[in-house]
Amino acid sequence: MNPCIDFIIVAVLLMNLMMLSSSRIGVCIKIAALQGVAVGLLPFLISHSVTTSVIMTSSLGVVLKGFVFPWLLFRALQAANIRKEVEPVGGYPLSLLLGVVLFMMSNWLNAKLIYPESLVSSLAPAVALATFLTGVLIIISRMKALTQVIGYLILENGVYLFGSVFLSEQPLMVELAILLDIFVAVFVMGIAIFHISREFDHIDTDQLSELKDWVEPQ
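This report concerns the structure included in the present document. Per chain, the residues get numbers from 1 upward, laid out in the order the sequence is written. Where local features are concerned, this predicted model is filtered to residues with pLDDT of at least 70; where side-chain atom pairs are given and counted, the filter is 80 or more; whole-chain, interface and lining totals use all residues. To get the side-chain values, take all heavy atoms of the structure and skip hydrogens and water.

### Quick look at the side chain of Asn-110
Secondary structure is summarised from DSSP: a helix means a run of H or I of at least four residues, a strand means a run of E of at least two, and numbering begins at the N terminus for each. Take Asn-110: it is sitting in helix α4 (residues 91-112). Exposed residues in this analysis have more than 50% of their type's maximum accessible area, buried residues have under 20%, and partly exposed residues fall in between, with area computed by a 1.4 Å probe over protein chains only. A relative accessible area of 11% places Asn-110 in the buried class. Once residues within four sequence positions are removed from consideration, Asn-110 is found in contact with Tyr-115, Ser-122, Pro-125 and Ala-126. Here, two residues are considered to be in contact whenever any of their heavy atoms come within 4.5 Å of each other.

### Topic: the environment of Leu-41
Position of Leu-41 relative to the elements: it lies in helix α2 (residues 25-46). Separated by 17 residues in sequence, Leu-41 and Ser-58 have C-alpha atoms that sit 5.5 Å apart. Leaving out residues up to four positions away in the same chain, Leu-41 has contacts with Ser-58 and Val-62.

### Thoughts on helix α1 (residues 3-21)
To estimate how far a helix should reach, multiply one less than its number of residues by 1.5 Å. Compared with the 27 Å implied by 1.5 Å per residue over 19 residues, the 27 Å span of α1 between its first and last C-alpha is a close match. For α1, the full list of buried residues reads Ile-5, Ile-8, Ile-9, Val-12, Leu-13, Met-15, Asn-16, Met-19 and Leu-20. Looking down the long axis of α1, one finds its buried residues gathered within 155 degrees of arc, a one-sided arrangement. Looking at α1, the residues exposed on the side facing more than 90 degrees away from the buried face are Pro-3 and Phe-7. Buried residues belonging to α1 abut α2, α4, α5 (124-141) and α6 (145-165). Directions pointing from the helix axis toward each C-beta atom define the arc.

### Looking at the packing of α1 against α4
Note on geometry: axes are C-alpha line fits, over the in-contact stretch for helices, and angles between N-to-C directions span 0 to 180 degrees. Close contact between α1 and α4 brings their axes to 8 Å; oriented N to C, the two are set at 155 degrees. On the basis of the axis angle, α1 is roughly antiparallel to α4. Seen along the crossing, α1 lies across α4 with a hand that is right-handed. For the pair α1 and α4, contact is made by Leu-13, Leu-17, Leu-20 and Ser-21 and by Tyr-92, Ser-95, Leu-96, Gly-99, Val-100 and Phe-103, respectively. Residues of the contact of α1 with α4, tallied by class, amount to seven nonpolar, three polar and no charged. For classification purposes, an angle smaller than 35 degrees is called roughly parallel, one larger than 145 roughly antiparallel, one from 65 to 115 roughly perpendicular, and anything else oblique. Should the near helix be turned anticlockwise from the far one by less than a right angle, the crossing is termed left-handed; should it be turned clockwise, right-handed. The classification used treats Ala, Val, Leu, Ile, Met, Phe, Trp, Tyr, Cys and Pro as nonpolar, Asp, Glu, Lys and Arg as charged, and all other residues, Gly among them, as polar.

### What to know about the pattern of salt bridges
Just to be clear on terms, a salt bridge is a Lys or Arg side-chain nitrogen sitting within 4 Å of an Asp or Glu carboxyl oxygen. Enumeration according to the criterion identifies one salt bridge in this entry. In this structure, the salt-bridge partner of Lys-65 is Glu-156, at a minimum N-O distance of 2.1 Å. On the criterion of sequence distance, the pair formed by Lys-65 in helix α3 (residues 52-80) and Glu-156 in helix α6 is long-range, its members being 91 residues apart. Each member of the pair, Lys-65 as well as Glu-156, carries the same accessibility label: buried.

### Thoughts on the packing of α1 against α2
α2 packs onto α1 with a crossing angle of 160 degrees between their chain directions and a minimal axis gap of 10 Å. When the interaxial angle is binned, α1 and α2 end up roughly antiparallel. Crossing of α1 against α2: the hand is left-handed. Contacts from Cys-4, Ile-5, Ile-8, Val-12, Met-15, Asn-16, Met-18 and Met-19 of α1 reach α2 at Cys-28, Ile-31, Ala-32, Leu-34, Gln-35, Ala-38, Val-39, Leu-42, Leu-45 and Ile-46. Residue composition of the contact of α1 with α2, by class: 16 nonpolar, two polar and no charged.

### Considerations on the nonpolar core
Think of a nonpolar core as a cluster: buried Ala, Val, Leu, Ile, Met, Phe, Trp, Tyr and Cys residues, connected wherever their side-chain atoms sit within 4.5 Å. One finds Val-12, Met-19, Leu-73, Val-127, Ile-150 and Leu-161 to be the most contacted residues of the largest nonpolar core, which totals 40 residues. Of all the secondary-structure elements, those providing two or more residues to this core are α1, α2, α3, α4, α5 and α6. When sequence neighbours within four positions are dropped, the list of residues in contact with Leu-161 reads Val-12, Val-39, Leu-42, Ala-124, Val-127 and Ala-128.

The following block contains the structure:
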């Protein structure tokens, strides 16, 4: 078992908890970028033979997750002119506690699953599922549209990590299709946030329900 793999998996788990306890959006983007680089390196470390497809998957994952996506998000952050996230429902301690509970649930579920072959790390599927659920939690509990995009990236990191565990069973085109979908989603969301920030004073999604049709008085 490669100790670097276990180190990366534990680091991904810790970054999930850091994300849930951070209020500064710029810090959250940096954590998401670092986590993206970590999971992007996994196919290269897990593969027993370094092939062209493995190098392409790992390199593309590192470049997109670690550099392209964060760059797009920082541009949207500057355009929206925001620095901190609105405190989630229940506060950050509750959010962090929920993150720990999600990992415990993921670990319990991992123990119930039967895998076709020995895993590179027994902790990897549990952390992958916890990362996926952490992304869902961020999307649900955070109010800023930009932070919800970050949650979407964290969610995808969980999917990518789970796929990397079974790298020999995952064709290259599946991984590339996932990365392409995420790239398009982040790009479109960044453009949407930019235009929303130009038209309105905020990008709080919880206030979208208050929008009403405006009728010009006769």
